[in-house]
Amino acid sequence: MDPLILLAAGISILVGALMALLFVRHSSFDRRSEVETLSKSEILTDKNPTTSNSKKSHSKHHSHASDKDQNKRHHPLDINTLKGHGDLVNGLCFSSDGRSLATGSCADGVVRVYKLDDAANKSFRFLRINVPPGGHPTAVAFGDDSASVVVASQTLSGCSLYMFLDESAKTANETKQPAKPPVTKWEHSKIHDKRAILTLFGTTASYGNADESTVLVSCSEGTDIMLWHGKSGKNLGTVDTNQLKNNMATVSPNGRFIAAAAFTADVKVWEIVYSKDGSVKEVLKVMQLKGHKSAVTWLCFTPDSEKIITASKDGSIRTWNINVRYQLEEDPKTLKVFPIPLHDSSGHVLPYDRLSISPDGKILAATHGSTLQWLCTETGRVLDTADKAHDVACHAGDITGIAWAPRHLPVGNQKGLVLATSSVDKKVKLWVAPPSSTSLGAATS
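Asks: So, the nonpolar core: which residues are in play, and what are the values?
Replies: If you look at soluble globular proteins, the nonpolar side chains tend to sit buried side by side. Within the largest apolar cluster, 35 residues are counted, with the highest numbers of intra-cluster contacts made by L101, L372 and W374. Residue contacts for L101: discarding those within four places in its chain leaves L82, L92, C93, F94, R112, V113, Y114, L116, F142, A420, V428 and L430. In this structure, L299, Y326, F338 and I340 belong to the second largest nonpolar core, which totals 32 residues.

Asks: How would you summarise the environment of W186 if you had to cite specific residues and measurements?
Replies: Mapped onto the fold, W186 is located in strand β9 (residues 183–191). Spatially, the C-alpha atoms of W186 and K234 are 9.3 Å apart, while their sequence positions differ by 48 residues. At 3.0 Å, the side chain of W186 forms a polar contact with the backbone oxygen of G230. A polar contact is formed between the side chain of W186 and the backbone oxygen of K231, at a distance of 3.4 Å.

Asks: Can you break down the environment of A311 residue by residue, with the values?
Replies: Position of A311 relative to the elements: it lies in strand β19 (residues 307–312). For the pair A311 and R354, spaced 43 residues apart in sequence, the C-alpha to C-alpha distance is 8.2 Å. Leave out the neighbours within four places in its chain, and A311 touches A295, V296, T297, W298, S316, Y352 and L355.

Asks: Could you give an account of the pattern of salt bridges, naming the residues involved and the relevant values?
Replies: Overall, the coordinates contain 10 salt bridges when judged by the stated rule. The partner of E271 in a salt bridge is R256, and the shortest N-O contact between them spans 2.9 Å. Remark: R256 occurs in the loop between β14 (246–251) and β15 (257–262) and E271 occurs in strand β16 (residues 267–274); sequence separation between them is 15 residues. For K290, the salt bridge identified is with D266, shortest N-O distance 3.0 Å. In this pair, K290 sits in the loop between β17 (280–289) and β18 (296–301) while D266 sits in the loop between β15 and β16, placing the two residues 24 residues apart along the sequence.

So, how was this worked out
Per-chain numbering applies: the sequence of each chain, read as written, is numbered from 1 onward. Whole-chain, interface and lining totals are the exception, using all residues; otherwise, since this is a predicted model, local features are given only for residues with pLDDT of at least 70 and side-chain atom pairs are given and counted only at 80 or more. Excluding hydrogens and water, the side-chain figures rest on all heavy atoms present in the structure. Put simply, a nonpolar core is a bunch of buried Ala, Val, Leu, Ile, Met, Phe, Trp, Tyr and Cys residues held in one set by side-chain atoms that sit within 4.5 Å of each other. For the exposure calls, accessible area comes from a 1.4 Å probe over protein chains only, and a residue counts as buried if that area is under 20% of its type's maximum, exposed if over 50%, partly exposed in between. Working rule for contacts: check all heavy atoms of both residues, and any pair within 4.5 Å makes them a contact. To qualify as a helix, a DSSP run of H or I must reach at least 4 residues; to qualify as a strand, a run of E must reach at least 2; elements of each kind are numbered from the N terminus. Here a polar contact means two N or O atoms within 3.5 Å. Within protein one must be a hydrogen donor candidate and the other an acceptor candidate, and residues neighboring in sequence count only if both atoms are side-chain atoms. When a carboxyl oxygen of Asp or Glu is within 4 Å of a side-chain nitrogen of Lys or Arg, the pair counts as a salt bridge.

Keep in mind that these numbers describe shape and distance, not what the molecule does.
The following block contains the structure:
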């Protein structure tokens, strides 16, 4: 072979090897640079998520801690919570002596009667009443005493009224033994044309010739309102609002008047007329409260039975004087008008759902959803507010019932006016009246 050819081939091989070596070194440098760059990027990326996660974790922990702290903070007027019902509590009522509180729960079909020896105690004796199978309590009221409880119950076939009597109450109180199951003294089925009973209120009839027996007023979701004799269960009369549908109806503390809030802005008032023997003779429509511009959502009588306080969707509260000579065509008079002092975030008025006036007539308790307010009846001034009075995690914590104890109750080592509220959160809460009202102190009544 020609030596020149061999030399050229050798040079070509050597040059190729050198070029290959240079390429490998360059690729190695580039790859190392790339790996270093990726490594630095990953370190930075790791640091950022660590910081972010740390912040998120801290934020959640702080928020959780705040929620726990918030849940531990009770409103200063909140003195107790009664638990035990298995479903929403949609009815409550105090006995005339204030020492018993009846509460009814819808789906669990149970009525409980708590014995309030001290409203601040953390444990209470109670009587359990099971309504007949398939029934759901919608409202409760007491009969002549704390041993008799009247329950409105709704079933698929209609609405019924039952009067349960705890015949062993005295024995149970003396021996501290659990009470025996109460007995049913009377019942009425498929009343109010099978429509549900919205409200049930009772009182001791003391006006005029009344015989001091208990009368009850049941209001249906239709337009009819029925009057009952508490002890016998006799139907004493029926009236009709003729206003498309009722919101509620109640009876005055002395048993003289019935008043109803319905679909329209007017409130109709009837008088219960008693015979000389003390029995109910008739129920007559005697007056109408005109002045609101929209539907009246709730009303209550003052303790002296001479005034009515109404709340309306028009954003106002009115106090009416009904102690007038209606026989001479004297009309009831508006004594006071206050704006409802509750608004949403947009500034719109939130109308009250329920009202209840304290037994001294000085404080009006009012609710909207889960909000509870105490107002001065003379000035309309807000004495206090509980924005989330019940558990808002449960269907917004809407308050379903509200009632004042009719007299001062023991609260620890003091006595005070006590308000009870029920809610869809399955609980009943007890509240003491605002201190500024001088309702907590050495009262002995």
